[in-house]
Amino acid sequence: MTNLTDLTVAEIRDGFRAGDFTAREVAEGFNANVAAAKALNAFIVKTPEHALAAADAADAARTSGDLKPLSGVPIGMKDLFCTNGVQTTAASHILEGFVPTYESTVSGKLWDAGAGMLGKLNLDQFAMGSSNETSYFGNVISPWKRNDGGNAALAPGGSSGGSASAISARLCPAATGTDTGGSIRQPAAFVGISGIKPTYGRCSRWGVVAFASSLDQAGPMARTVRDNAIMLEAMAGFDPKDSTSLDLPVPAWEQSLSSDLKGKRIGIPKEYRVDSMPAEIDALWEKGIAFLNDAGAEIVEVSLPHTRYALPAYYIIAPAEASSNLARYDGVRFGQRELPDGAGLQDMYAATRAAGFGPEVKRRVMIGTYVLSAGYYDAYYTQAQKVRTLISRDFDRAWESCDLLLAPTAPSAAFALGEKQADPLAMYLNDVFTVPASLAGLPAMSVPGGLDAQGLPLGLQIIGKALDEQGVLNAALAIEERAGFTARPEKWW
Amino acid sequence: MTEATYRIHGATGEWEVVIGLEVHAQITSNAKLFSGASTTFGAEPNTQVSLVDAAMPGMLPVPNRECIRQAVRTGMAIDAQINRYSRFDRKNYFYADLPQGYQISQLYHPIVGEGEIVVTLDEKNPDSATKTIGIERIHVEQDAGKLMHDQHPTRSYVDLNRSGVALMEIVSKPDMRSPVEAGAYVRKLRSILRYVGSCDGNMEEGSMRADVNVSVRKPGDEFGTRTETKNVNSVRFVMAVIEHEANRQVDVLESGGKIVQETRLYDPDRNETRSMRSKEDAHDYRYFPDPDLLPLELDDAFLDECRASLPELPDAKRKRYESELGLSAYNAAVLTAEAETARWFEALVSESARIQNKGEGDVAKAAANWLLSELFGALNRLGRDLDTSPVSPAQGAELLSLVADGTLSGTLAKQVFEIMLETGDEAGKIVEEKGLKQTSDTGAIEEAAAKIIAENADKVEQYRGGKEALFGFFVGQTMKAMGGKANPKVVNEIMKKALQA
């Protein structure tokens, strides 16, 4: 019998339905893998009992013929989603010990679809980071190693690095992620899995600890495009509790999957060929072009002239919103409180926030506070919003000559932990290819395209028009089929 | 009639006062601005707090359509520009009663733009001068919670019941020049809000409160530096703040000082304002558009519905009372000042017209007079208001109809009304049971008149000698002899004849 933890979501779902194995066997298998993978530090909280309970319910439902779309499938939950009765920290000290009395809409939908929870996955603190080195609960380690004989611990990407690492290491078949500037796509690329950030508004933000409200969007991460389609169908949908949620039906993405791209035009944004891009990334991109061409698509060059302003605009808008969103962590109602002797209210705020937030969060709160402050608002925030509009217009113009865009996901393969930590700007550059789609609220997906010379995964990114998740998934599927990416990390943990 | 110009007489001459008001009016709605939590006044602390109001992680605001509707209707009631596009902004600051760390408000694009309110400066005299006070804007925002410092020796508690309650901030232009104008403005504004039903105007419960901006200048000069006195919660206090603050500023300026732009607090016990904080340590609120909320875009159907749901407003009503019902300007003004009075009056008139089978214009004057003198007098005595009046409009109408058809004289009507107040009985029943019917029996009246004349021969002589004022004496005595039940008109006729004989 195959190892159950090597199966994809679709395979677990179908095999379980067919009676090849029980849901409990699946849950036990993954629970065991989770327990054995401490070295990866992918989980902040493990919830084996939740996975088992859901599995038992699924097994019972199979007997009664009452199966749901994700019955029998255990998943990982990024610890940015509030989970009723289970500690939710956003990987921060300030929320350590916080146990919500409510369930985020997205996680609730997944449980309603029959999924079970293996645990809460580690992430960059408050989802701020591109390497998973900002978690209060320690770095997540990528299961991948370079083939250069060195033994450097690699970054799984961020912020959904716990999700990425866990899926890649077979600790779960799928997980939730959130993407604000690339936090699903870049970690997916770093560990050789797929992940899609849907159109802004497809998935409810209710119950998701906010980073930057106008950008945050939940999405799935899994090893295959099909699994992403299955997961996204369960996660998406209108939520009256989120006024930015889109009041639209959820398409049957899995059912409509097709890698036949005849009649599709794929745009290659010339401005994404940034200076100092490694030749390997360029080569990967060429390979992607060939794949899509082979799938029947026509390749056209397009221009997104304001691309170079996207990153600076993002690193103004996101911290601005974050500085405000994180103001509620003040030590008054929940989480940590620091109350030095003789402290007044302002002292309590300062001490609580100083002790409760990590350096990267503080950096962004400071940046955000600065760019919103009197005298600088117009120079920074207003200007960044204008850039955001121009970037959206760039995409609108591009859609006049193409249906989808192809670009690399990140400018490099995974780097070693600690390598970029001293240089925040170099770290921010990781998001250079993912941020524009975030600013425009467009669906975008990373799918593995191949390995670099050191044997590390590289991701290709498909960006689509608003609401065209299907087009994005289909193009990603075409790449997946042609790339034949089967590499997996060797088990060392 | 012209109003005397309000001036402060300082040592260096006369000073003019410039006043602008920011009135915070709690929107009448069952739920908060962005959550479904209740807004009932006086509930136990922290019993009306949703996860959103407590700003728990991941919670998001969803606008309450009813609050938006009420703000739009209020804007329409003051002929203001209604902005089809408006947006919510975050006003960021830290305080323990502000769970989110920001207040959701509207700075850049308020829902209502410029409008105006016409006030009568001397409300006792409807013919006195009127003044138009400009409204700068109305925006919608959340209220904060409340800190309670007196519950524990070393701790402060937070009550979040008010956190997230919807407020309209109604910002006037600096158009007012005297405490009287400001008082009239607040009263008129409150009257309009109550008519519209968008705020109950209850200043004691805090559902309406004003921030008072005051500056002084030599007449004709540029605006001076202003101070803002926060959370003033009665019309009387608003006027007191202006008077006090204007005099204080004149004193400061005349003794060579400078006015600091600052926030002040009013202490009604000592009738003084005190500095709360100066602008130097004022907050930088770092306003920016709330990314959790889409801009509000109002469509025609919504605006049409808002407009159609507006009641007749006080000014229009007052004009109609004068022109259609033939009421005096004063009576029309008093009857329309409060929505509740007008509602009561209209019920009384329509019922009167129905049972007397007359037009409303034929019964309105008597109804107005009775309501304003008899009923209001009685309610005043009893310490009650129209809401809790022991006599209903229908009962009042019955009483008035008995006067109109001659069954009751004015004196008898007063007696019957007193009994109604006590017993709650219908006027007709009281008349029947107590035999209080007016009589026009000429025989009995002639007999009584003759008796009075006979008993007062001296006065008859004086009357006949030209002292005509004595006529009232004879009528009064006859009425008294008849036990108040005689029809005064008949008594008049008979007495006139008898005295001429």
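Residues numbered from 1 in each chain as written. Chains lettered and ligands numbered in written order. Predicted model: local features only at pLDDT ≥ 70, side-chain atom pairs only at ≥ 80, totals over all residues. Heavy atoms only, no water.

### Some points on the overall build of chain A
For step 1, the next point in the chain: The helix and strand tally for chain A stands at 15 helices and eleven strands.
For step 2, the next point in the chain: Against the globule reference of 23 Å for 493 residues, chain A gives a C-alpha radius of gyration of 21 Å, in line with a compact fold.
For step 3, the next point in the chain: Principal-axis analysis of the C-alpha atoms places the extent of chain A at approximately 65 × 55 × 50 Å.
For step 4, the next point in the chain: The proportion of buried residues among the 493 residues of chain A is 64%.
For step 5, the next point in the chain: Within chain A, contacts between residues separated by at least 24 positions form 77% of all contacts whose residues are at least 6 apart in sequence. (Helix = DSSP H or I, 4+ residues; strand = E, 2+ residues; numbered from the N terminus. Rg over C-alpha atoms; globule rule 2.2 N^0.38 Å. Buried < 20%, exposed > 50% of the residue type's maximum accessible area, 1.4 Å probe, protein only. Contact = heavy atoms within 4.5 Å.)

### Description of the overall build of chain B
For step 1, the next point in the chain: Looking only at helices and strands, one finds 15 helices and 16 strands in chain B.
For step 2, the next point in the chain: Taking all 501 residues of chain B together, the buried fraction comes to 51%.
For step 3, the next point in the chain: Restricting the contact set of chain B to residue pairs at least 6 apart, pairs at least 24 apart contribute 68%.
For step 4, the next point in the chain: Summed over its atoms, the accessible surface of chain B is roughly 23,000 Å², and 47% of this surface lies on carbon and sulfur atoms.
For step 5, the next point in the chain: Charged side chains of chain B number 59 positive and 77 negative; the gap between the two group centres comes to 2 Å. (Areas by Shrake-Rupley, 256 points an atom, 1.4 Å probe, with all protein chains shown as cover. Lys, Arg positive; Asp, Glu negative; His and termini not counted. Charge placed at Lys NZ, Arg CZ, Asp CG, Glu CD.)

### Considerations on the packing of helix α1 (residues 65–77) of chain B against helix α4 (residues 300–308) of chain B
Residue and element names in this part refer to chain B.
For step 1, the next point in the chain: Between α1 and α4, the least distance of the axes is 9 Å, while the angle of their chain directions is 65 degrees. When you trace α1 past α4, the crossing you get is right-handed. Of the residues in α4, those in contact with Arg-65, Ile-68, Arg-69, Val-72, Arg-73 and Met-76 of α1 are Phe-302, Leu-303, Glu-305, Cys-306 and Arg-307.
For step 2, the next point in the chain: Looking at the contact of α1 with α4 residue by residue, the classes come out as six nonpolar, no polar and five charged. (Axes fitted to C-alpha atoms, helices over the stretch in contact; angles between N-to-C directions. Left-handed = near helix turned anticlockwise from the far one by under 90°. Nonpolar A, V, L, I, M, F, W, Y, C, P; charged D, E, K, R; others polar.)

### So, the interface of chain A and chain B
For step 1, the next point in the chain: Taken together, the contact pairs 39 residues of chain A with 31 residues of chain B.
For step 2, the next point in the chain: Summing both sides of the interface, chain A and chain B together bury roughly 2,800 Å²; the carbon and sulfur share of this comes to 59%.
For step 3, the next point in the chain: Connecting chain A to chain B are one salt bridge.
For step 4, the next point in the chain: Across the pair Arg205(A) and Asp292(B) runs a salt bridge whose closest N-O atoms are separated by 2.9 Å.
For step 5, the next point in the chain: For the interface between chain A and chain B, the tally reads 18 residue pairs in polar contact (both at pLDDT 80 or more).
For step 6, the next point in the chain: When contributions to the side of chain A that touches chain B are tallied by element, the ones reaching two or more residues are α9 (310–325), α10 (345–356), α11 (359–372) and α12 (377–398) of chain A.
For step 7, the next point in the chain: Counted by class, the side of chain A that touches chain B contains 20 nonpolar, eleven polar and eight charged residues. (Buried area = accessible area lost by both parts, 1.4 Å probe. Salt bridge = Lys/Arg side-chain N within 4 Å of Asp/Glu carboxyl O. Polar contact = N/O pair within 3.5 Å; in protein donor to acceptor, adjacent residues only side chain to side chain.)

### Quick look at the side chain of Ser207(B)
For step 1, the next point in the chain: Here Ser207(B) lies in the loop between α2 (179–196) and β11 (208–217).
For step 2, the next point in the chain: If sequence neighbours within four positions are ignored, Ser207(B) has contacts with His24(B), Ala25(B), Gln26(B), Cys199(B), Asp200(B), Gly201(B) and Asn202(B).

### Some words on a nonpolar patch on the surface
For step 1, the next point in the chain: A grouping of Tyr370(A), Tyr376(A) and Tyr380(A) is seen on the molecular surface, where their side chains present a nonpolar patch of about 280 Å² in accessible area.
For step 2, the next point in the chain: Relative to the helices and strands, Tyr380(A) resides in helix α12. (Patch = residues over 30% accessible without salt bridge, like charges linked within 9 Å, V, L, I, M, F, W, Y side chains within 5 Å.)

### Looking at the packing of α9(A) against α11(A)
Residue and element names in this part refer to chain A.
For step 1, the next point in the chain: Two elements in contact, α9 and α11, have axes separated by 7 Å at closest approach and are oriented at 100 degrees. Comparing their axes, α11 and α9 come out roughly perpendicular. Where α9 approaches α11, its residues Tyr-315, Ile-316, Pro-319, Ala-320 and Ser-323 are matched on the opposing element by Arg-364, Val-365, Ile-367, Gly-368, Thr-369, Val-371 and Leu-372. (Parallel < 35°, antiparallel > 145°, perpendicular 65-115°, else oblique.)

### Remarks on the packing of aromatic side chains
For step 1, the next point in the chain: Applying the stated rule across the entire model yields 28 aromatic pairs over all chains.
For step 2, the next point in the chain: Taken together, the ring pairs connect Phe98(A), Phe126(A), Tyr329(A), Phe334(A) and Phe357(A) into an aromatic cluster.
For step 3, the next point in the chain: Seen from the ring of Trp15(B), Lys218(B) lies directly overhead, with NZ or CZ sitting 4.7 Å from the centre.
For step 4, the next point in the chain: If you follow Lys496(B) out to its NZ or CZ, it ends over the ring of Phe471(B), 5.2 Å from the centre. (Phe/Tyr/Trp six-rings, centres within 6.5 Å; stacked < 30°, edge-to-face > 60°. Lys NZ or Arg CZ within 6 Å of the ring centre and 35° of its normal.)

### Concerning the confidence of the model for chain B
For step 1, the next point in the chain: Summary statistics for chain B give a mean pLDDT of 92 and a share of 97% for residues scoring 70 or more.
For step 2, the next point in the chain: The complex model carries a pTM of 0.90, and its ipTM stands at 0.95. (pLDDT = per-residue confidence, 0-100.)

### Examining the environment of Thr130(B)
All names here are of chain B.
For step 1, the next point in the chain: Mapped onto the fold, Thr-130 is located in strand β7 (residues 130–142).
For step 2, the next point in the chain: Note: C-alpha distance between Thr-130 and Gly-326 (196 residues apart in sequence) is 22 Å.
For step 3, the next point in the chain: Apart from the residues within four sequence positions on either side, Thr-130 is in contact with Val-118, Val-119 and Thr-120.

### With respect to the pattern of salt bridges
For step 1, the next point in the chain: Taken as a whole, this structure holds 59 salt bridges over all chains when the rule is applied.
For step 2, the next point in the chain: The partner of Arg488(A) in a salt bridge is Asp6(A), with the nearest N and O atoms 3.2 Å apart. Of this pair, Arg488(A) sits in the segment after α15 (469–483) while Asp6(A) sits in the segment before α1 (9–18); the two residues are 482 residues apart in sequence, bridging distant segments of the chain.
For step 3, the next point in the chain: The exposure class assigned to Asp6(A) is partly exposed, which follows from its relative accessible area of 28%.
For step 4, the next point in the chain: Note that Glu322(B) is salt-bridged to Arg318(B), the shortest N-O span being 3.7 Å. Residue Glu322(B) and its partner Arg318(B) are located together in helix α5 (residues 314–323), separated by four residues, close to a single helical turn.
For step 5, the next point in the chain: Residue Glu322(B) is classed as partly exposed on the basis of its relative accessible area of 31%.
For step 6, the next point in the chain: Exposure remark for Arg318(B): the relative accessible area of 21% places this residue in the partly exposed category.
For step 7, the next point in the chain: Each of Arg205(A), Asp242(A), Arg90(B), Asp290(B) and Asp292(B) takes part in salt bridges that share partners, so that together they form one network.

### So, the state of the cysteines
For step 1, the next point in the chain: Using the criterion set out here, one finds zero disulfides over all chains in the structure.
For step 2, the next point in the chain: Cys203(A) takes part in no disulfide bond, and the closest cysteine sulfur, belonging to Cys82(A), lies 16 Å away. (Disulfide = S-S within 2.5 Å.)

### A look at unusual backbone geometry
For step 1, the next point in the chain: The step from Gly158(A) to Ser159(A) runs through a cis peptide bond, and the omega angle for that step is 0 degrees.
For step 2, the next point in the chain: With a phi close to 65 degrees, Asn132(A) is a non-glycine residue in the positive phi region.
For step 3, the next point in the chain: Residue placement: Asn132(A) occurs in the loop between β3 (116–121) and α5 (161–168).
For step 4, the next point in the chain: The backbone of Arg286(B) sits at a positive phi, close to 50 degrees, despite the residue not being glycine.
For step 5, the next point in the chain: With respect to the helices and strands, the residue Arg286(B) is situated in the loop between β14 (272–278) and β15 (288–289).

### Remarks on the pairing of strand β4 (residues 89–92) of chain B
Residue and element names in this part refer to chain B.
For step 1, the next point in the chain: Taking every second residue as pointing to the same face, both faces of β4 are buried, with Asp-89 and Lys-91 on one and Arg-90 and Asn-92 on the other.
For step 2, the next point in the chain: In terms of strand pairing, β4 meets strand β5 (residues 102–105) through four bridges, oriented antiparallel. Paired with Asp-89 across the bridge in β5 is Ser-105.
For step 3, the next point in the chain: Bridge count between β4 and β15: two bridges; the pairing is antiparallel. Counterpart to Asp-89 in the pairing with β15 is Pro-289. (Pairing = 2+ DSSP bridges.)

### A word on the sheet that holds β5(B)
For step 1, the next point in the chain: Taken together, the three strands give an open sheet; going across it, the order is β5-β4-β15 (chain B), and neighbouring strands pair in antiparallel fashion. This sheet does not close on itself; its edge strands, each paired only once, are β5 and β15 of chain B.
For step 2, the next point in the chain: Against the sheet, α9(A) contacts β4, β5 and β15 of chain B, and its axis sits at roughly 60 degrees relative to β4(B).

### Concerning the environment of Val186(B)
All names here are of chain B.
For step 1, the next point in the chain: Mapped onto the elements, Val-186 comes out in helix α2.
For step 2, the next point in the chain: Counting along the chain gives 52 residues from Val-186 to Val-238, while the straight-line C-alpha distance between them is 8.7 Å.
For step 3, the next point in the chain: With near-sequence residues (within four places) excluded, Val-186 lies in contact with Leu-21, Met-203, Met-208 and Val-235.

### Notes on α4(B)
A turn of α-helix holds 3.6 residues, and therefore any two residues three or four places apart point the same way.
Residue and element names in this part refer to chain B.
For step 1, the next point in the chain: Within α4 the residues assigned to the buried category are Phe-302, Leu-303 and Cys-306. Along α4, the residues classed as buried sweep out an arc of 95 degrees about the axis, all on the same side. Opposite the packed face of α4, turned more than 90 degrees from it, sit the exposed residues Ala-301 and Ala-308.
For step 2, the next point in the chain: In this structure, the buried side of α4 is in contact with α1. (Arc of directions from axis to C-beta.)

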